[in-house]
There are 2 protein chains.
Amino acid sequence: MADPAPATSATHVEGHPHVVIIGAGFAGLAAASELGGTPVNVTLIDRRNYHLFVPLLYQVASAALSPADIAEPIRRILSRHSNIEVMLGEVAGIDKQARTVALADGTAVAYDRLIVATGSTHSYFGHDEWAQHAPGLKTIEDARQIRARVLMAFEQAEICRNKVEQQDLITTVVVGAGPTGVEMAGAIAELSRHTLARDFRNIRPETARVLLVEAGPRVLPAFPPELSDYAHKALEKLGVTVMVNTPVEDVTAEGVTLGGRFVRAGTVIWGAGVRASPAGSWLGVDTDKAGRVKVGPDLTVPGYPEIFVLGDTALAMHDDGSPLPGLAQVAKQQGEHVGSHLAGHLAKGEAMPPFRFKNRGNLATIGRNSAVADFGSRKIKGFVAWVLWGLVHVYLLIGFSNRLLVSMQWLVAYLTYHRGARLITGERKAPVQENHERRSAAE
Amino acid sequence: MADPAPATSATHVEGHPHVVIIGAGFAGLAAASELGGTPVNVTLIDRRNYHLFVPLLYQVASAALSPADIAEPIRRILSRHSNIEVMLGEVAGIDKQARTVALADGTAVAYDRLIVATGSTHSYFGHDEWAQHAPGLKTIEDARQIRARVLMAFEQAEICRNKVEQQDLITTVVVGAGPTGVEMAGAIAELSRHTLARDFRNIRPETARVLLVEAGPRVLPAFPPELSDYAHKALEKLGVTVMVNTPVEDVTAEGVTLGGRFVRAGTVIWGAGVRASPAGSWLGVDTDKAGRVKVGPDLTVPGYPEIFVLGDTALAMHDDGSPLPGLAQVAKQQGEHVGSHLAGHLAKGEAMPPFRFKNRGNLATIGRNSAVADFGSRKIKGFVAWVLWGLVHVYLLIGFSNRLLVSMQWLVAYLTYHRGARLITGERKAPVQENHERRSAAE
């Protein structure tokens, strides 16, 4: 091995190997935590200053929680490990030969080992022009935008004097019936039927239509069919119109085209496709068509044993050759796996063992008192699954105050049906202006 | 009196007089609440969907609270009063002859009585070009921007390798030592000295400079001199450098010029000037040089007994001819006064009595365990004033869950020194890009 890469942080130890981690999602953060306190210099690079608990992001989009409730500063999470440096930066490229990560500001960070865990974003299947009309849900900005659009649609309907237009405005189409789509559809149905019901004078929010549209034959396709059936019925009970075997053909500012029919909608939300982050092109290596980097059993890039790719960015395989799903628990276990073996590997040359995914069970919530849980042999649905879902998600949150605040808000919401974060906010442009533009465009 | 203006809401009663209120701040909301349940049709227009508790906005800017903790949907606050319609809209003008309010989308809302309570914004004393470098603190967007700037300055300093530039970046200048300036300066000093202290590797946040700059001779000029003295000393104890008799001469992207000397700073915050909303120009009436509309003892515009102007938008007088201060309690009392007498005035022709301000005392906080309270004859400072400040502000918040959440977060912050909302978020533009641009501009 060559001389270790130079230490970049005042608290790094000269002579220790330098592990650079890109991305502080579930995989990157787990790897960093495992490396905390080991004789390794770690630099964790992210373009955000916080770790985001994405599984609860739909609750920000549906006005139940605030962004800060599900985000925790990366520095704070790792502050007790002086061997870990956290760097806010945007990655521009990776030089595999020179073993450096290039940042957008021109800085080059040298590494001995590199862990790439930069996640995924939405895919519009080649229709990127749909993105402006049908926002996806991956970031806090996405969630705030969806929240503002949903709430604004009701505000617009309240001042609209045309009954048909009013109903069109308070129609929401959610595209894709994976966990995010199901959760969003359920949450918006509850928002309109309970939270907003008494707050308007000229519209009846409880009559708002929520369409959940899925190209495949059933909702929650990653779950067993009996749980899909339950979820389908539970969604309909909440007032959601579920349309399976219905691919979306077009999305415009006014609505979506489904099966040749145009459906007017005030809000369209995208929960259908996922595309890996551009790590494949940074690395100049093979990817599948979703942009995932193919990795070996030890999660390294073939031919580059010093480069690991984890989480949604990686195409890793089960022992039977089937691909691992894009789940938080996969990412977290991969991060723990690499992080826990890397220090020993670097210090004593121990081999990096292959990664094996342990399925801890799959959970999805539909709405109040209603969720599904799949533990392989054991399947749970309804109230018990819903309580379990809540407990697991509070437990998995990072930070005592986040757990406390989320629990409190859920309790208050459960008892009163109120949602605490019903704010229409924007940055540069006042949302009400945007509103007027959309209205006149629609007229 | 002419025929009543037509009802605009499905729950308004034909034949009842129509009161239109513009602005759901302290004054407008208080007026609306008083009119709830009376035989009057009320329309409350605001360009936001929430009432914002501005006195705690500095806690959002300093990463202690989330925006939703101090904001409550206007509809929800007033939902039990079916005679009140809430309308999200931007006012474009007022036609005093036709008695209509024109909205930006072209709608005209007719009124029998009009209450204008649209608040105030920052004033840069003719230097509007300073606004981009020194944001003020009036909206949620302002607070998020200040929070992002302060936190980003520390992030930039962490990756900067030049010791002098590092210190410049983590220097914050707060302009204006009224309550907002004092609170911001104190909060940023605590943020750097306690919350961030252990989270960085290459900088020492506790060495960050915070300058509070005031053109006048003392901090908190609206308070008695002995409380100003206390606040001055308390700020210095927190590590704030207080500079009185120091007018700001220039503000640029790199810092501020004070007394002929240029001080480099990563963050500049504006808490100096206030300018009334453009209600004076909508109404085409006389204003003072801060844009406030001159009103009579009954808070109506001279010559227009059907138009009331309240709160920061109004220049109202004490009995002795001195102007009423721009305080939340003045706005709230004016709203209550007009709201409580208007129904009787409209129904039975009762006279509108003159408004008299009852001073309930003035509070300002400096930081942990340290605040001042002025009740005229009784002046309190230190820990007791600080507890009182906290109790009063939690009590004045609207909504049970807001009270609960703010109390919880204050308790956790008091015990752990942590702040729960340390997020750098933006809308269209990634903050880290902005960062790099600013850095290269400074180099």
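Position numbers for residues count from 1 along each chain, tracking the sequence in the order it is written. Chains and ligands are labelled by the order in which they are written, letters from A for the one and numbers from 1 for the other. With pLDDT at 70 or above as the cut-off, local features in this predicted model cover only qualifying residues; side-chain atom pairs require 80 or more to be listed or tallied, and sums for whole chains, interfaces and linings still use all residues. Based on all heavy atoms of the structure, the side-chain values leave hydrogens and waters out of the count.

An unreviewed UniProt entry annotates chain A as NADH:ubiquinone reductase (non-electrogenic) of Skermanella aerolata. UniProt positions are given in the numbering used here, feature names are shortened, and annotations may be inferred rather than shown by experiment. The UniProt entry for chain A carries this comment under Sequence similarities (unreviewed entry): "Belongs to the NADH dehydrogenase family." Turning to chain A, the UniProt annotation filed under Catalytic activity (unreviewed entry) states: "a quinone + NADH + H(+) = a quinol + NAD(+)".

(A) Local environment of the packing of helix H4 (residues 140-159) of chain B against helix H6 (residues 179-195) of chain B. All names here are of chain B. At their nearest, the axes of H4 and H6 sit 12 Å apart, and the two run at 35° to each other. Crossing hand, H4 versus H6: right-handed. Here Ile146, Val150, Leu151 and Phe154 of H4 come into contact with H6, specifically with Met184, Ile188, Leu191 and Ser192. For the contact of H4 with H6, the class distribution of residues is seven nonpolar, one polar and no charged. Orientation is described by axes fitted as lines to C-alpha atoms, over the contacting stretch for helices, and by angles from 0 to 180 degrees between their N-to-C directions. The helix count covers DSSP runs of H or I at least four residues long, the strand count covers runs of E at least two residues long, and both are numbered beginning at the N terminus. Note on convention: the crossing is left-handed when the near helix lies turned anticlockwise from the far helix by less than a right angle, right-handed when the turn is clockwise. Whether two residues are in contact is decided by their heavy atoms, any of which lying within 4.5 Å being enough. Under this grouping Gly is polar, as are all residues other than the nonpolar Ala, Val, Leu, Ile, Met, Phe, Trp, Tyr, Cys and Pro and the charged Asp, Glu, Lys and Arg.

(B) Structural view of the pairing of strand S25 (residues 378-382) of chain A. All names here are of chain A. Strands were regarded as paired on the criterion that DSSP finds at least two bridges between them. As paired strands, strand S24 (residues 370-375) and S25 are joined by five bridges and run antiparallel to one another. Among the inter-strand pairings, Ala371 is bridged to a residue of S25, identified as Gly382. Hairpin connection, S24 to S25: the antiparallel pair is bridged by two residues, and Gly376 has positive phi, about 75°.

(C) Expanded view of helix H6 (residues 179-195) of chain A. Helix span is expected to be 1.5 Å times the residue number reduced by one. Taking 1.5 Å per residue, 17 residues should reach 24 Å; H6(A) reaches 22 Å between its end C-alpha atoms and fits that length. Within H6(A), 13 of the 17 residues are buried, which leaves the element mostly enclosed by the surrounding structure. When accessible area is computed with a 1.4 Å probe and restricted to protein chains, residues below 20% of their type maximum are described as buried, those above 50% as exposed, and intermediate ones as partly exposed.

(D) The arrangement of the sheet that holds strand S24 (residues 370-375) of chain B in detail. Residue and element names in this part refer to chain B. Pairing is antiparallel in the open sheet, where three strands are placed in the order S23-S24-S25. The strands lining the two open edges of the sheet, one partner per strand, are strand S23 (362-367) and strand S25 (378-382). The mean inter-strand angle of the sheet, taken between neighbouring strand axes irrespective of direction, is 5°. Of the pairings in the sheet, the one linking S23 to S24 comprises five bridges and is antiparallel in character. Paired with Leu363 across the bridge in S24 is Ala373.

(E) Representation of the interface of chain B and chain A. Each partner contributes to the interface: chain B provides 67 residues, whereas chain A provides 67 residues. Where chain B abuts chain A, roughly 5800 Å² becomes buried across the two surfaces, and 54% of that area is made up of carbon and sulfur atoms. By definition, a salt bridge exists where a carboxyl oxygen of Asp or Glu is found within 4 Å of a side-chain nitrogen of Lys or Arg. Measuring nitrogen to oxygen at the nearest pair gives 2.7 Å for the salt bridge that ties B:Glu155 to A:Arg75. Contributions of two or more residues to the side of chain B that touches chain A are made by strand S4 (71-73), helix H3 (74-78), strand S5 (84-88), H4, helix H11 (400-416) and helix H12 (431-442) of chain B. Sorting elements by how many residues they give to the side of chain B that touches chain A places H4(B) first, with nine residues. Residues that form the side of chain B that touches chain A fall into these classes: 27 nonpolar, 18 polar and 22 charged. Buried area counts how much accessible surface, traced with a 1.4 Å probe, disappears from two parts once they are put together, with both parts' losses summed.

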